[in-house]
Amino acid sequence: MNDVPAPSKRRTRSGARLLLGGACALAITVSSMAVATLAHADLSGPPGTTLKAAAERSGRYFGTAMGADRLNDSGFLNIANREFDMMTAVNEMKPDATEPNPGQFDFRRGDAIYDWATQHGMRFRGHTLAWHAQQPKFWAGLSGSALRSAMISHINGVMAHYKGKFAYWDVVNEAYAENGSRRSSNLQSTGNDWIEVAFRTARAADPSVKLCYNDYNIENWTYGKTQGVYNLIKDFKARGVPVDCVGLQTHFTGGSSLPGNFQQTLSSFAALGVDVALTEADVTNASTSQYQGLTQACMNVPRCVGITTWGIRDSDSWRGNENPLLFDRNSNPKPAYTSVLNALNAASTTVPGTTTPPPTTPPTTPPTTPPTTPPTTPPTTPPTTPPTTPPPTGQPGGCTAAYRMVSMWNGGFQGELTVTNGTTAISGWTVQLTLAGGQTIANVWNGSNTGNSGAVSIRNAAYNGALGANASTTLGFLVNGSSNTAPSNISCTPA
Ligand code: XIL
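Being a predicted model, the structure only gives us computed values, none of them experimental.

## Examining the packing of helix H10 (residues 288–299) against helix H11 (residues 335–345)
Right, so step 1: Across the interface, H10 lies against H11 with an axial gap of 8 Å and an inter-helix angle of 20°. When the axes of H10 and H11 are compared, the pair comes out roughly parallel. Relative to H11, H10 is oriented so that their crossing is right-handed. For the pair H10 and H11, the contacting residues are Thr288, Tyr291, Gln292, Thr295, Gln296 and Met299 in the first and Pro335, Ala336, Ser339, Val340, Ala343 and Leu344 in the second.
Right, so step 2: Tallied by class, residues from the contact of H10 with H11 come to 7 nonpolar, 5 polar and no charged.

## Details of the pattern of salt bridges
Right, so step 1: Scanning all chains against the criterion turns up 18 salt bridges.
Right, so step 2: In this structure, Arg108 engages Asp106 in a salt bridge whose closest nitrogen and oxygen atoms are separated by 2.9 Å.
Right, so step 3: The exposure class assigned to Arg108 is partly exposed, which follows from its relative accessible area of 31%.
Right, so step 4: With a relative accessible area of 17%, Asp106 lands in the buried category.
Right, so step 5: With a shortest N-O distance of 2.9 Å, Lys225 and Glu178 are connected by a salt bridge.

## Some words on the confidence of the model for the protein chain
Right, so step 1: The pLDDT averaged across the protein chain works out to 86; a share of 81% of its residues lies at or above 70.
Right, so step 2: Confidence, read as mean pLDDT per element, is least for helix H1 (residues 14–20) in the protein chain (33) and greatest for strand S6 (residues 245–248) (99).
Right, so step 3: Note that pLDDT drops below 50 for residues 1–34; the model gives that stretch 73 contacts with residues more than four away or on any other chain.
Right, so step 4: Within the model, pLDDT remains below 50 along residues 365–391, and this stretch shows 10 contacts once partners closer than five positions in the same chain are excluded.

## Some details on the pairing of strand S15 (residues 455–460)
Right, so step 1: Examined bridge by bridge, strand S12 (residues 429–434) and S15 share 5 bridges and lie antiparallel to one another. Looking at S15, one finds that Thr430 is bridged to Arg459.
Right, so step 2: Taken together, the 4 bridges between strand S14 (residues 447–450) and S15 define a ladder with antiparallel strand orientation. Across the sheet, Gly447 pairs through a bridge with Asn460, a residue of S15.

## Concerning the sheet that holds S12
Right, so step 1: Taken in spatial order, the 4 strands make up an open sheet running S14-S15-S12-S17, and their pairing is antiparallel. This sheet does not close on itself; its edge strands, each paired only once, are S14 and strand S17 (488–494). In this sheet, neighbouring strand axes are inclined to one another by 20° on average, regardless of whether the strands run parallel or antiparallel.

## Section: the state of the cysteines
Right, so step 1: The final tally for this structure, using the stated rule, is 3 disulfides.
Right, so step 2: A sulfur-sulfur separation of 2.1 Å characterises the disulfide bridge that pairs Cys298 with Cys304. Its S-S torsion of approximately -100° makes the covalent link between Cys298 and Cys304 left-handed. Grouping residues by exposure puts Cys298 and Cys304 together as buried.
Right, so step 3: Between Cys399 and Cys492 runs a disulfide, and the two sulfur atoms are separated by 2.0 Å. Taking the sign of the torsion about the S-S bond as the criterion, the disulfide between Cys399 and Cys492, at about -95°, is left-handed. Linking Cys399 in strand S10 (residues 399–409) with Cys492 in strand S17, this pair joins segments that are 93 residues apart in sequence. Comparing Cys399 with Cys492, the two get one shared label, buried.
Right, so step 4: Cysteines bonded in the protein chain are numbered consecutively along the chain; their disulfide partners then correspond to 1-2, 3-4, 5-6.

## Quick word on unusual backbone geometry
Right, so step 1: Of the consecutive residues His127 and Thr128, the connecting peptide bond is found in the cis state with omega at 0°.
Right, so step 2: With respect to the secondary-structure elements, Thr128 resides in strand S3 (residues 123–131).
Right, so step 3: In this structure, Ala286 is a non-glycine residue whose phi angle is positive, near 50°.
Right, so step 4: Its location among the elements puts Ala286 in the loop between strand S8 (275–283) and H10.
Right, so step 5: When its relative accessible area of 5% is taken as the criterion, Ala286 is described as buried.

## Quick word on the nonpolar core
Right, so step 1: Core analysis: the biggest nonpolar cluster contains 91 residues, and Trp169, Val172, Phe199, Ile233 and Phe269 have the highest contact counts within it.
Right, so step 2: For this core, the element with the highest residue contribution is helix H7 (residues 194–205), accounting for 7 residues.

Scoring rules and cut-offs
- Residues numbered from 1 in each chain as written.
- Predicted model: local features only at pLDDT ≥ 70, side-chain atom pairs only at ≥ 80, totals over all residues.
- Heavy atoms only, no water.
- Axes fitted to C-alpha atoms, helices over the stretch in contact; angles between N-to-C directions.
- Helix = DSSP H or I, 4+ residues; strand = E, 2+ residues; numbered from the N terminus.
- Parallel < 35°, antiparallel > 145°, perpendicular 65-115°, else oblique.
- Left-handed = near helix turned anticlockwise from the far one by under 90°.
- Contact = heavy atoms within 4.5 Å.
- Nonpolar A, V, L, I, M, F, W, Y, C, P; charged D, E, K, R; others polar.
- Salt bridge = Lys/Arg side-chain N within 4 Å of Asp/Glu carboxyl O.
- Buried < 20%, exposed > 50% of the residue type's maximum accessible area, 1.4 Å probe, protein only.
- pLDDT = per-residue confidence, 0-100.
- Pairing = 2+ DSSP bridges.
- Disulfide = S-S within 2.5 Å.
- Core = buried A, V, L, I, M, F, W, Y, C linked by side-chain atoms within 4.5 Å.

Rendered as structure tokens:
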């Protein structure tokens with residue numbers, strides 16, 4: 001079939017090798033910045049004039065990928081900052097980069113990319129934890145249960161470092177063969193359950209991030225590999241193995257092209273109850289019709305949450321000789337850029353959970369007194385909005401937690417808790433709260449929850465537990481449920 005690249009054409013590892021040379025130059029640490037929040041969909045707004053603005057109209061993102069070498073490339077950074085709101089590291093978070101020696105992790109280059117992206121308002125896709133390629137050298141000497149343990153330790157080590165920070169993680173990459181059976185690899189040889197174990201490990205390591213299976217040549221619905229991956233996700237969903245998303249790499253390069261049934265593939269995966277995303281898009285010679293078609297397919301599927309192109313300019317591409325990206329080598333947008341922008345702006349579906357009705361009460365400002373006639377009698381009803389005074393500073397050895405609703409929509413809301421310490425420094429905290437009946441926590445960031453309905457406790461993340469005297473930190477969460485009733489019985493305990 002014509003959309004299957006010859007395997008020999010698929011990849012070169014030279015890029016990864018070149019990047020290793022710059023590793024020691026960077027010693028920037030991950031900031032404790034909160035995960036950037038997703039803009040709310042509003043299809044009635046004006047058309048976006050950048051890729052990210054156009055994507056955000058429908059609650060989607062438009063992402064790109066960068067290597068650490070691009071951190072010194074102002075041409076790249078200018079376009080990234082202007083056009084994109086999601087970032088992926090090209091090679092810097094792969095297993096060989098993050099764990100060069102057993103138990104010895106190196107996050108310097110990954111952190112530098114993460115820091116730049118989040119300081120410029122982007123969210124982050126982690127890529128990737130378990131893969132047959134770009135493995136640590138020491139994995140080559142392992143097999144069976146020793147390799148299985150190394151994979152589990154790797155997932156735990158990397159995910160602990162980025163806990164609470166990413167929107168998505170590609171937990172497993174490219175585990176299927178073209179005919180829809182498992183690809184043979186050292187990881188596959190540890191037992192058929194390796195993918196399941198990777199996802200269960202990942203969920204326990206960071207319950208706040210969406211966990212994705214990512215692969216190429218799964219865009220054509222009738223292709224064997226697509227069906228193999230579809231059956232994996234269907235089985236995981238049926239058995240409760242945690243998987244939240246499928247990444248379709250969408251490399252329409254190396255001999256592949258946009259199949260006519262791409263939208264059917266996206267909607268079929270989405271119907272299993274997962275998000276879908278186009279994670280590494282590039283198209284031979286940046287065909288405008290294929291870029292338009294792949295974008296429109298995503299826009300037509302509510303759970304298609306976003307598109308990432310694998311680089312910005314043709315000079316950034318791993319397949320640069322095919323000139324497959326949206327910007328040319330002089331940083332000028334190509335005709336395909338316009339076709340993508342128009343298709344994003346033409347979206348008629350929004351991502352579930354991203355539409356917010358206009359607030360009925362001002363969320364933060366206390367009610368003002370009537371502007372014209374002074375009241376003849378003092379007001380009798382107390383204000384309906386909760387007081388917005390900052391939470392009181394706590395007692396010695398204690399902490400307090402104050403709740404605020406950030407936004408709500410039909411079927412859920414986003415809440416925020418500000419944890420404020422007392423007058424004695426603490427090294428950790430736990431917030432207790434009770435959700436109203438029928439409410440379920442879908443996601444927590446800057447903390448990790450035990451329980452997701454009724455009585456719930458939320459513990460600090462690794463990076464925000466230590467609070468000095470009177471210091472405060474915030475955590476966020478999403479709740480699904482028919483009511484927007486605020487949590488009750490909120491308390492905080494130092495730990
Ligand atoms: C590629 C990088 O772009 C190259 O720099 C590197 O030499 C090889 O890997 N599928 C994936 C990506 O999931 O990680 C690959 O990235 C491209 C194919």
